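Examining the three-dimensional arrangement
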Amino acid sequence: MTAYVIVGNSAAGISAAETIRRLDPEGDITIVDVEKTPAYSRCLLPNYLGGTRSEDALRIRPRDFYQKLRLNTCFGYRVARVDVGEKVARLDNGARLKYDRLFISTGSSTFMPPVPGITGEGVYGLRTLEDAKKILAQAGQARRAVIIGGGFVGLEAAWALYRRGLEVTVVEKMPQILPQQFDACAAAILLREMQAEGIRFILGTGIKEIAAPGLWEKLTGKAGRGVILENGDRLKAELVIVATGTRANTGLVEGTGVKVNLGIVVDKYQSTGMEGVYAGGDVAETEDVVSGRIGLTPIWPNAVAQGRVAGYNMAGIPREYGGMIGMQNAVEFRDVPAIAVGLAQADGDGYEILKEYRPEHNLYKKIVLKDDIIVGLILVGDIRQAGVYSALMRKKAKVTRLKHRLLRPDFGYGQVLSA
Amino acid sequence: MKEIMVYTERCNGCLTCVLACAAAHAEDKTIVGAMAAGVPGRLFIQAVNGRPVPVLCRHCEEPACVAACMTGAMQKDPETGIVTNEGHEQTCVGCWMCIMACPYGAVVPAPGKEKMAIKCDRCPDRDVPACVAACPNLALAFIEPEDFARERQKSVATALAVEAGVPA
Ligand SMILES: Cc1cc2nc3c(=O)[nH]c(=O)nc-3n(C[C@H](O)[C@H](O)[C@H](O)COP(=O)(O)OP(=O)(O)OC[C@H]3O[C@@H](n4cnc5c(N)ncnc54)[C@H](O)[C@@H]3O)c2cc1C
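Residues numbered from 1 in each chain as written. Chains lettered and ligands numbered in written order. Predicted model: local features only at pLDDT ≥ 70, side-chain atom pairs only at ≥ 80, totals over all residues. Heavy atoms only, no water.

1. Some words on unusual backbone geometry
Residues other than glycine predominantly adopt negative phi, and peptide bonds predominantly adopt the trans conformation. Residues and elements named next belong to chain B. Heads up, the condition is: Comment: elements are numbered from the N terminus, with helices defined as DSSP H or I runs of at least four residues and strands as E runs of at least two.
Phi is positive for Leu15, close to 70°, though the residue is something other than glycine. Here Leu15 lies in the loop between strand S1 (3-6) and helix H1 (16-24). Of note, His59 is a non-glycine position whose phi angle comes to about 45°, a positive value. Looking at the secondary structure, you find His59 in the loop between strand S3 (51-55) and helix H3 (64-68).

2. What about the interface of chain B and chain A?
Here is the rule we go by: Note on contacts: a residue pair is in contact if any heavy atoms of the two residues lie within 4.5 Å. Buried area, as used here, totals the accessible surface that two parts lose on assembly, with accessibility defined by a 1.4 Å probe and the loss added over both. Throughout this description, the term salt bridge denotes a Lys or Arg side-chain nitrogen within 4 Å of a carboxyl oxygen of Asp or Glu. Residue classes follow a fixed rule: Ala, Val, Leu, Ile, Met, Phe, Trp, Tyr, Cys and Pro count as nonpolar, while Asp, Glu, Lys and Arg count as charged, and any other residue, Gly among them, counts as polar.
In this complex, chain B contributes 34 residues to the contact, which on the side of chain A involves 39 residues. Summed over both partners, the interface of chain B with chain A comes to about 2,900 Å²; 54% of that surface belongs to carbon and sulfur atoms. Broken down residue by residue, the surface that chain B buries against chain A is led by Glu62, Met70 and Met100 of chain B, which jointly contribute 23%. Across the contact surface, chain B and chain A share 3 salt bridges. Its salt-bridge partner being Arg308 of chain A, residue Glu62 of chain B comes within 3.2 Å of it at the nearest N-O pair. When contributions to the side of chain B that touches chain A are tallied by element, the ones reaching two or more residues are strand S2 (44-48), S3, H3, helix H4 (97-101) and strand S6 (108-109) of chain B. Per-element tally for the side of chain B that touches chain A: the top contributor is H4 of chain B, with 4 residues. Residues belonging to the side of chain B that touches chain A are distributed by class as follows: 23 nonpolar, 7 polar and 4 charged.

3. Focus: the site of the ligand
Going by this rule: Neighbouring residues are identified by heavy atoms, a residue being near a molecule or strand if any of them is within 4 Å of it. Between N or O atoms, a polar contact is any pair within 3.5 Å; within protein, one atom must be a potential hydrogen donor and the other a potential acceptor, and residues adjacent in sequence are included only when both atoms are from side chains. Using a 1.4 Å probe, the Shrake-Rupley method yields the accessible areas, and only the shown protein chains count as cover for residues. Where a domain begins and ends is set by an automatic assignment or by a domain database.
Taken together, 32 residues sit near the ligand, with Ser10, Asp33, Arg42, Arg127 and Asp282 of chain A positioned nearest. Nearby residues place the ligand at the junction of chains A and B. Asp282 of chain A is positioned with one of its side-chain polar atoms (N or O) 2.8 Å from an oxygen atom of the ligand. Isolated, the ligand exposes 1,000 Å² of accessible area, and the fraction of that covered by the protein chains is 94%. Those elements that provide at least two residues to the shell around the ligand are helix H1 (11-23) and helix H8 (300-314) of chain A. For the shell around the ligand, the element with the most residues is H8 of chain A, which contributes 3 residues. Of the residues that constitute the shell around the ligand, the class distribution is 17 nonpolar, 9 polar and 6 charged. For the shell around the ligand, the two domains that each supply at least three residues are domain 1 (3-39 + 59-109 + 253-314) and domain 2 (123-242) of chain A.

4. A closer look at H1 of chain A
Note the cut-off: For a helix, the expected span equals 1.5 Å multiplied by the residue count minus one. Summary of the burial criterion: residues with accessible area below 20% of their type's maximum are buried, those above 50% are exposed, and those between are partly exposed, where the area comes from a 1.4 Å probe applied to protein chains only.
Between its terminal C-alpha atoms H1 of chain A stretches 19 Å, which fits the 18 Å expected from 13 residues at 1.5 Å a residue. Of all the positions in H1 of chain A, only Ala11, Ala12, Gly13, Ile14, Ser15, Ala16, Ala17, Thr19, Ile20 and Arg21 of chain A are classed as buried.

Everything listed is a geometric property; what it means functionally is a separate question.
This is the structure in structure tokens:
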């Protein structure tokens, strides 16, 4: 009987467990996680914060899931270290879990930039249910919140706290929101909508310091606490959320010979190259289909797909990761849905750009082509055919004959079928 | 497992299937009710070079929409093969991840205020899905994929034979 150990009870880990159980009904499967809750969706934490989703509705599987799939759970324990020679995962309480196959899906954690005061009270990341609970508790006694970072997580947190009735200010170092995914035009549409709602934005400046009550009083002569910006401005706030990025949780394989760049390096089979050791999800580096670059693609669908591929290979059925497209993400603020896929900001030599921009309708579509192959996409306002474009991108299909139709409102799979 | 198969060349774009689908998903199960409540059809007739092409969910073997679903609402039933985000313990929040993932564009946002993605559920309470039952041109069929392939081959052979002047 094969012993499988899965570290990380989330998107990638659950997907691997389901796949392994289907392929190996007898295998002994154990899932370890520091968090004690049944698997939940981090993506829904903003909904929980905003009060539109209860804690119980964050679970991604039915209550009897672990029992039904006969998965041993070891929740509340951290895997401190993997011993790849002995094939043992060591827990923080000293216990040793023997494995034949190990899946590392430890995800990532909030990166706290090294500015003074960041470890102080009232300052949180938003990555775990525990984070969200702390934020909620603090929000109850706060009037103003500052969100540091105008990326997806920052904006979702801003929106959620705004819904809770707080005065919210977002501080973003770059001159636009969502700088990783969207171009200036798309970002401006979304910015305008959130501003219209009453959320305040300060762009183009970073933070210098987070001031606890003592320091704040010394600086301002008044009671309170808050954030000091690089340009010297002060923002009073009782609640600060840090959303400037994440770091992959690779500590458990440090010094073991498993190769780590920004994340754990894996091959097409999600294997680390160490015998029986696989990795996937936010913690792993894979190849991006469009750019060919190796890197992190920290989004939910990729984690699920990689967990499935790992599961196959761990159960002894060779299967390659088809590759996914980076930076695929969806947001919606004030009923304006938006999606960015692939090299959405690519510009200059060799790229052809198709665009449609109707600001009065909050509509913006941009398709980036290279040699008649779609390599990037931004859709704002109308996202219905996003999957069709993405599929063309993933398949690297030549769209020469479709090009004039791509932006038409009636574009759809039918046209692809008949091209 | 039976699936909805499409004979594109038989479709004349009459939209009866779309209306029947809307009616089947309306509260009172009527076309009038569907129109009054703005219930959309869950399959699409797209115009391609002036020809109608039906586009609908394939209920894929390894559905991209299920992998993309961040709430766990989108599931594929191992018995029936039906892929749907309705009728499960986990519910849809309208994050649109499935819409981004579906290569057929077969998942769309529900109209109106409620944030929810909608797609073909293959009419779980009917023997034959409403769209198939309604199609007056037999452009849709609810059959085993193998039978469809066999019949296709036969008709291609017939067509070739006709073209070659050979009686089939
Ligand atoms: C607020 C927010 C919103 C998001 N919105 C979206 C979205 O709209 N769309 C999208 O695609 N993605 C979104 N994401 C990203 C998405 O949540 C991640 O891509 C996904 O959760 C990755 O899954 P994973 O299984 O790789 O890792 P994770 O979900 O990070 O899970 C890793 C697990 O491993 C555990 N762990 C880590 N180290 C150890 C250890 N040493 N021992 C034991 N256990 C350990 C952790 O406790 C954790 O439970 C969002 C993320 C956040 C935080």
